Amino acid sequence: MPSQIDLMWPMLRALEGLGGSASIREVDDRVATDMDLSEAVLDVVHGDGPQSEFTYRCAWARTRLRRIGAVDNSSRGVWAITEAGRGIGSADETLELVRRHRKEYRSGLRDARAQAAEPEDQTDQATTEDSWQAELLEVLRKIEPSAFERLCQRLLREHGFTRVEVTGRSGDGGIDGTGVLRLNLLSFHVNYQCKRYANTVGPGSIRDFRGALAGRADKGLFITTGRFTREAEREAVREGAMAIDLIDGEQLCVLLKDKGLGVVTETVERVIPNRAFFDGL
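Bear in mind that the values here come from a model prediction, so they are computed numbers and not experimental data. What you see as residue numbers is a count from 1 along each chain, following the sequence as written. Note on the predicted model: pLDDT of at least 70 is required for a residue's local features to be given, and 80 or more for side-chain atom pairs to be given and counted; whole-chain, interface and lining totals, by contrast, use all residues. Note: side-chain values were computed over all heavy atoms of the structure, leaving out hydrogens and water.

(A) Examining the overall build of the protein more closely. Secondary structure follows DSSP: runs of H or I at least 4 residues long count as helices, runs of E at least 2 residues long count as strands, and numbering of each begins at the N terminus. Per the secondary structure count, the protein includes 14 helices and ten strands. Relative accessibility thresholds used throughout: buried, under 20% of the residue-type maximum; exposed, over 50%; partly exposed, between the two (1.4 Å probe, protein chains only). Considering the protein as a whole, with its 281 residues, one finds that 40% of them fall into the buried category. Sequence separation of at least 24 residues holds for 64% of the intrachain contacts in the protein that already meet a minimum separation of 6. Only the protein chains shown count as cover for residues, and all accessible areas are computed by the Shrake-Rupley method using a 1.4 Å probe. In the structure as shown, the protein presents an accessible area of about 15500 Å², 48% of it carried by carbon and sulfur atoms. Contacts: residue pairs with any heavy atoms within 4.5 Å of one another.

Structural data, given as structure tokens:
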């Protein structure tokens, strides 16, 4: 498993190769491909949280790159390489810039505004949200299966689905519910499966679900509290077969948070003295 430091240079190259900007998932996938990492490495889970160890370390690598001004990110989660990042020529140079930044920070050479905007223990969204997501997933995995099915039913309704029904009948090929999603003038009949898994979902589960959908729905949706392996994700969009949309534990947490279903978001006021102001008096 590559370290956070080892991932920084490949991440810069990946962003450059993707045209200068990419989503978190796109850049992580590109880094994994460029480094020829095995499925066994990519599927290692970080602690009990929703992330893999690889994505966790990639998140920290992005944070370190942002601190030295090599990358930047938008509120929509899109990361971009900066002009300074394009000027970095090697992994050794990247490491030297990180070391220099750390030394300057600790010696107090950064101004108060930078310290307030980016404290030493700052992480990007992928790492700071790991704690609450892990706690939420622990709760979800302990509720009754029928309660989890009703939660998924409510979630789909909140996102515009109509005629959402929980089936959950034995011998139904893994189909836990049905619904209709209308997009402009078109309606799609969707069958969904919702499973409270703690670990990963493999390609076999995707194939079994697709087999149950044959002739019964326009789309399939697989919801889980676990994670999908890379092979499962490829199987879900395999050419020539019905595409299956996937929602893993991390995405499920975000969807519940966005709709306020079982999640309360609090805003905490943070007051920081502006030392530059007093120095200028």
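(B) Examining helix 2 (residues 24-34) more closely. For helix 2, the set of buried residues is V27, D28, V31 and A32. Buried residues of helix 2 fall within an arc of 135 degrees about the axis and therefore sit on the same side. Against helix 1 (4-17), strand 1 (21-23), helix 3 (39-42) and helix 4 (53-67) lie the buried residues of helix 2. A positive backbone phi angle near 55 degrees is found at D36, which sits one or two residues after helix 2. By construction, the arc corresponds to the directions joining the helix axis to the C-beta atoms.

(C) How the structure looks around the environment of D43. Along the chain, D43 falls in the loop between helix 3 and helix 4. Taking C-alpha positions, D43 is 8.0 Å from F54, a pair spaced eleven residues apart along the chain. Leaving out residues up to four positions away in the same chain, D43 has contacts with T200, R227, T229 and R230.

(D) Quick peek at the pattern of salt bridges. When a carboxyl oxygen of Asp or Glu lies within 4 Å of a side-chain nitrogen of Lys or Arg, that pair is called a salt bridge. This model, assessed by the stated rule, comprises 15 salt bridges. As a salt-bridge pair, E39 and R234 come within 2.8 Å of each other at their nearest N and O atoms. Here R234 lies in helix 12 (residues 230-236) and E39 lies in helix 3, a separation of 195 residues in the sequence. You can call R234 partly exposed: its relative accessible area is 48%.

(E) Quick peek at the sheet that holds strand 1. A pair of strands is considered paired only if DSSP assigns at least 2 bridges between the two. A sheet is described by the order of its strands in space; here three strands give the open sequence 1-3-2, paired in antiparallel fashion. The open sheet terminates on both sides in strands that have one partner only, identified here as strand 1 and strand 2 (71-73). Adjacent strand axes in the sheet meet at a mean angle of 25 degrees, parallel and antiparallel pairs treated alike. Bridge analysis of strand 1 against strand 3 (residues 78-81) gives three bridges, and the strand direction is antiparallel. Paired with S21 across the two strands is A80, which belongs to strand 3. The axes used here are C-alpha line fits, helices contributing only the stretch in contact, and every angle between their N-to-C directions lies in the interval 0 to 180 degrees. In this fold helix 2 packs onto strand 1 and strand 3, with an angle of close to 100 degrees to the strand it touches most, strand 1. Contacts from helix 4 reach strand 2 and strand 3, with the element oriented near 110 degrees to strand 2.

(F) Local environment of the packing of helix 10 (residues 145-158) against helix 13 (residues 249-259). The interhelical angle for the contact between helix 10 and helix 13, taken along N-to-C directions, is 60 degrees, at an axis separation of 11 Å. Accordingly, the angle class assigned to the pair helix 10 and helix 13 is oblique. Regarding helix 10 and helix 13, the two cross each other, and that crossing is left-handed. Facing F148, L151, L155 and E158 of helix 10, the residues of helix 13 in contact are L252, L255, L256 and K259. Any residue outside Ala, Val, Leu, Ile, Met, Phe, Trp, Tyr, Cys, Pro, Asp, Glu, Lys and Arg is labelled polar, Gly included; the first ten of those are nonpolar and the last four are charged. Of the residues contributing to the contact of helix 10 with helix 13, the split by class is six nonpolar, no polar and two charged. Any angle between 65 and 115 degrees counts as roughly perpendicular, while under 35 counts as roughly parallel, over 145 as roughly antiparallel, and the rest as oblique. We call a crossing left-handed when the near helix sits turned anticlockwise from the far one by less than a right angle, and right-handed when that turn is clockwise.

(G) The arrangement of the sheet that holds strand 4 (residues 161-166) in detail. On the basis of which strands lie adjacent, the open sheet formed by five strands has the order 4-5-6-8-10 and mixed pairing. Only two strands of the sheet have a single partner each, and these edge strands are strand 4 and strand 10 (244-247). Across the sheet, the axes of successive neighbouring strands diverge by a mean angle of 25 degrees, strand direction being ignored. Packed onto the sheet, helix 11 (residues 203-213) meets strand 6 (186-195), strand 8 (219-224) and strand 10 and runs at close to 140 degrees relative to strand 8.

(H) Geometry of the nonpolar core. Counting residues in each nonpolar core, the largest one holds 23 residues, and the members touching the most others are M11, L12, L15, F54 and L65. Only helix 1, helix 2, helix 4 and strand 3 provide two or more residues apiece to this core. In this structure, L15 is in contact with G20, S21, A22, V27, V71, W79, A80 and I81, ignoring residues within four places of it in sequence. If you look at the next biggest cluster of nonpolar residues, it comprises 20 residues, including L155, V190, L256 and L261. Here, nonpolar core means buried Ala, Val, Leu, Ile, Met, Phe, Trp, Tyr and Cys residues that are tied together by side-chain atoms lying within 4.5 Å of each other.

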